[in-house]
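Given next are the chains, with one letter for each unit.
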Amino acid sequence: MAYSGPSQSGKTRFILELIKHRESIFTVKFNRILYFLPEAAQRSSSASLQMLRQLAPNIQIIYGLPKPDHVFEPLSKLIIMDDLADILSQVIGALHSTK
């Protein structure tokens, strides 16, 4: 699922609600929840991250893009990439421009 929108449109609130109600929304029980943020976000301690930790104490907050190990491990997991659209579009653009 991809969810995008402009700043202040409620994306983070949606993610918080999704995590809060994950057991009634998804038929799979996730062994891991991985939450990816831009590396620049390390300098902030937002109320949203505190709320995420309350809703899912075992959530892993990772700064930067997912690595293959994160994606292809054999456990069921919920992967969330927040505020990484700009970085992802740069990576995709670079992949298409290489020969």
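Up top is the structure.
Residues numbered from 1 in each chain as written. Predicted model: local features only at pLDDT ≥ 70, side-chain atom pairs only at ≥ 80, totals over all residues. Heavy atoms only, no water.

Quick look at the overall build of the protein chain
When you go through the protein chain residue by residue, the secondary structure sums to 5 helices and 3 strands. Along its sequence from the N terminus, the protein chain presents helices and strands in the succession α-α-β-α-β-α-β-α. For the protein chain, the residues scored as buried account for 28% of the 99 residues in total. Taking the contacts inside the protein chain whose residues are at least 6 apart along the sequence as the reference set, 69% of them involve residues at least 24 apart. Of the roughly 7,300 Å² of accessible surface on the protein chain, a fraction of 54% belongs to carbon and sulfur atoms. (Helix = DSSP H or I, 4+ residues; strand = E, 2+ residues; numbered from the N terminus. Buried < 20%, exposed > 50% of the residue type's maximum accessible area, 1.4 Å probe, protein only. Contact = heavy atoms within 4.5 Å. Areas by Shrake-Rupley, 256 points an atom, 1.4 Å probe, with all protein chains shown as cover.)

Concerning a nonpolar patch on the surface
Together, Met1, Tyr3 and Phe14 make up an exposed nonpolar region whose accessible area comes to about 360 Å². Looking at where Met1 falls in the secondary structure, it is placed in the segment before helix H1 (11-20). On the basis of relative accessibility, which here comes to 80%, the residue Met1 falls in the exposed class. (Patch = residues over 30% accessible without salt bridge, like charges linked within 9 Å, V, L, I, M, F, W, Y side chains within 5 Å. Salt bridge = Lys/Arg side-chain N within 4 Å of Asp/Glu carboxyl O.)

Details of the side chain of Lys11
With respect to the helices and strands, the residue Lys11 is situated in helix H1. Despite being buried, Lys11 has no salt bridge partner; Asp83 is the closest side chain of opposite charge, sitting 5.3 Å away. (Lys, Arg positive; Asp, Glu negative; His and termini not counted.)

Description of the pattern of salt bridges
Considering all chains together, one arrives at 1 salt bridge under this definition. One salt bridge in this structure joins Glu73 and Arg32, with 2.3 Å as the shortest N-O distance. Of the two residues, Glu73 is situated in the loop between helix H4 (68-72) and strand E3 (77-81) and Arg32 in strand E1 (residues 32-37); the sequence distance between them amounts to 41 residues.

Brief notes about the side chain of Lys77
Positionally, Lys77 belongs in strand E3. Glu73 provides the closest opposite charge to the buried, salt-bridge-free Lys77, at an N-O distance of 4.4 Å. Separated by 2.8 Å, the side chain of Lys77 and the backbone oxygen of Leu75 make a polar contact. Once residues within four sequence positions are removed from consideration, Lys77 is found in contact with Phe30, Arg32, Leu34, His70 and Val71. (Polar contact = N/O pair within 3.5 Å; in protein donor to acceptor, adjacent residues only side chain to side chain.)

Observations regarding the sheet that holds strand E2 (residues 60-63)
The strand order across the open sheet built from 3 strands is E2-E1-E3, with neighbouring strands paired in parallel fashion. Both outer strands of the open sheet, E2 and E3, are each paired with one neighbouring strand and no more. In this sheet, neighbouring strand axes are inclined to one another by 20° on average, regardless of whether the strands run parallel or antiparallel. Taken together, the 4 bridges between E1 and E2 define a ladder with parallel strand orientation. Looking at E2, one finds that Leu37 is bridged to Tyr63. (Pairing = 2+ DSSP bridges. Axes fitted to C-alpha atoms, helices over the stretch in contact; angles between N-to-C directions.)

Treat this as a map of the structure, not an account of what it does.
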